[in-house]
Amino acid sequence: MATKKTTPYWEKVKNQYTQCLCYSKEAGLYVDKILDGQNPEELLYRPHGYAGYVINKIEVPDRNVEITILSNFGYGNASYLRAYVNVGNRRILDFGLSKLYVLNHCSITTLDVPTYEWNQLFEKIISAYQLASVNILATSSIAYIEELSDMLDKDEILIKGNLEKEKPVTWDGEFLISMYAGKKIKDLLKGIELGEVKDPVMQKFLLNLCRKYIAKLKNLKLDYEDSRTSQLSESLLAIHKFMCDNKAGIEYLSMILDKEV
């Protein structure tokens, strides 16, 4: 098998990334400096700078925890570094508010960091692992939902294309904001499903968000010749599924058809 090539940038900075992801029964997940050529039993994952798409799955011994690390280096704005953590079938979610204002490669279902920022990624993985056994409603999740709801009331929002340091771009007007918020609502509802979140308090906040989005779209003047308009229907589809799954399907239908229940 041919050896994967590393990016030119990695060759310049690789000596800065000697911290590796490790595990032991005594310490759990932790980071430790491990040099090339060393391969202790505790080593789970070593930073790399391989060009192109790379995916690796790691199982934490005897913990029913699977970590998936995904990278795509050397492709400009399409580059990314991320991971996700599953405990059994349940995804550990990340409700960082900054994710709301990043367009690409930034989901609540993944742990996202700027490219090559391995130390930061390992810290996020360890934090997610430590919360893996805690299936409670986090304050951050409600704050995320409320911030997304507030977005629907704004005349303009500042959006970054990715996590890299760059100047944000202004998105203004009801159509663009509704399209963008819909994308984030769709991601949020997907995350709630993957995370197997059943908390009734969060369900209440989510249903209110769905109601607000439907009402918002009903008042929009849409250009059906605009290819972007179809994205709104995709967001509504995710909302429809969520409301049906949470015994609010009739309410969804009544709102869409302007019929009182």
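Structure report, in brief. Owing to the predicted nature of the structure, the values given are computational and were not obtained by experimental measurement.

Moving on: the overall build of the protein. Helix and strand counts for the protein stand at 7 helices and 10 strands. Dimensions along the principal axes, computed over C-alpha positions, put the protein at roughly 70 × 40 × 35 Å. Looking at the 261 residues of the protein, the share that counts as buried comes to 45%. Put simply, 58% of the contacts in the protein that link residues at least 6 apart link residues at least 24 apart. When the accessible surface of the protein is totalled, it reaches about 14700 Å², and 50% of it is carbon and sulfur. The positive charge centre, built from 33 side chains, and the negative charge centre, built from 35, are 2 Å apart in the protein.

This part covers the packing of aromatic side chains. The tally for this structure, following the rule as stated, stands at 9 aromatic pairs. Residues Trp10 and Tyr116 carry aromatic rings whose centres are separated by 6.2 Å and whose planes lie at 15 degrees to one another, so their mutual orientation is stacked. One end of the pair, Trp10, is in helix H1 (residues 8-13); the other, Tyr116, is in the loop between strand S8 (111-113) and helix H2 (118-130), and 106 residues separate them in sequence. One exposure class covers both Trp10 and Tyr116, and it is buried. What links up through ring pairs into an aromatic cluster is the set Tyr9, Trp10, Tyr17, Tyr45, Phe73, Tyr116, Trp118 and Phe122. The positively charged end of Arg91 is found above the aromatic ring belonging to Tyr84, 3.9 Å away from the centroid.

On to H2. With 13 residues, H2 ought to run about 18 Å at 1.5 Å a step, and its terminal C-alpha atoms sit 18 Å apart, in line with that. Among the residues of H2, Trp118, Leu121, Phe122, Ile125, Ile126, Ala128 and Tyr129 are the ones counted as buried. Angularly, the buried residues of H2 cover 160 degrees about the axis, an arc narrow enough to put them on a single face. Of the exposed residues in H2, those oriented more than 90 degrees away from the buried face are Glu123 and Gln130.

On to unusual backbone geometry. Located in the positive-phi region is His105, a residue other than glycine, with phi close to 55 degrees. With respect to the element layout, His105 can be found in the loop between strand S7 (90-91) and S8. Phi is positive for Glu196, close to 50 degrees, though the residue is something other than glycine. By relative accessible area, Glu196 is classed as partly exposed at 39%.

Another point: the nonpolar core. With 40 residues, the main nonpolar core has Met151, Leu188, Ile239 and Met243 as its most contacted residues. Looking at this core, the elements with two or more residues in it are helix H3 (139-151), strand S9 (156-159), helix H4 (174-194), helix H5 (200-218), helix H6 (230-245) and helix H7 (249-257). Those residues in contact with Met151, other than ones at most four positions away along the chain, are Leu100, Tyr101, Ile157, Ile177, Tyr180 and Ala181. Residues Trp10, Ile69, Ile125 and Tyr129 belong to the second largest nonpolar core, which totals 28 residues.

Spatially, S2-S1-S3 is the arrangement adopted by the 3 strands of the open sheet, whose pairing is antiparallel. On the outer flanks of this sheet lie strand S2 (28-33) and strand S3 (43-45), each paired with one strand and no other. With direction set aside, neighbouring strand axes in the sheet form an average angle of 45 degrees. As defined by bridge partners, strand S1 (residues 19-24) adjoins S3 across 2 bridges and the pair is classed as antiparallel. When the bridges of S3 are listed, Leu21 appears paired with Tyr45. With respect to the sheet, H2 is in contact with S1, S2 and S3, its orientation differing from that of S1 by roughly 20 degrees.

Here we take up empty space enclosed by the protein. Think of a ball as big as a water molecule: rolled over the atoms, this probe shows where empty space is left. Under the criterion given, the structure shown has 1 cavity of 30 Å³ or more. Put simply, the largest cavity is a space of about 80 Å³. Lining the largest cavity are Ser79, Tyr80, Leu81, Asn104, His105, Asp112, Val113, Pro114, Thr115, Asn162, Leu163 and Glu164. Elements with a contribution of two residues or more to the lining of the largest cavity: strand S6 (80-87) and S8.

Thresholds applied
Residues numbered from 1 in each chain as written. Predicted model: local features only at pLDDT ≥ 70, side-chain atom pairs only at ≥ 80, totals over all residues. Heavy atoms only, no water. Helix = DSSP H or I, 4+ residues; strand = E, 2+ residues; numbered from the N terminus. Buried < 20%, exposed > 50% of the residue type's maximum accessible area, 1.4 Å probe, protein only. Contact = heavy atoms within 4.5 Å. Areas by Shrake-Rupley, 256 points an atom, 1.4 Å probe, with all protein chains shown as cover. Lys, Arg positive; Asp, Glu negative; His and termini not counted. Charge placed at Lys NZ, Arg CZ, Asp CG, Glu CD. Phe/Tyr/Trp six-rings, centres within 6.5 Å; stacked < 30°, edge-to-face > 60°. Lys NZ or Arg CZ within 6 Å of the ring centre and 35° of its normal. Expected span 1.5 Å × (residues − 1). Arc of directions from axis to C-beta. Core = buried A, V, L, I, M, F, W, Y, C linked by side-chain atoms within 4.5 Å. Pairing = 2+ DSSP bridges. Axes fitted to C-alpha atoms, helices over the stretch in contact; angles between N-to-C directions. 1 Å grid on protein atoms, 1.4 Å probe; cavity = no way out; pocket = protein on both sides within 12 Å on 5 of 7 lines; lining within 4 Å. Points joined across faces, edges and corners; volume = space filled by probe spheres on them.

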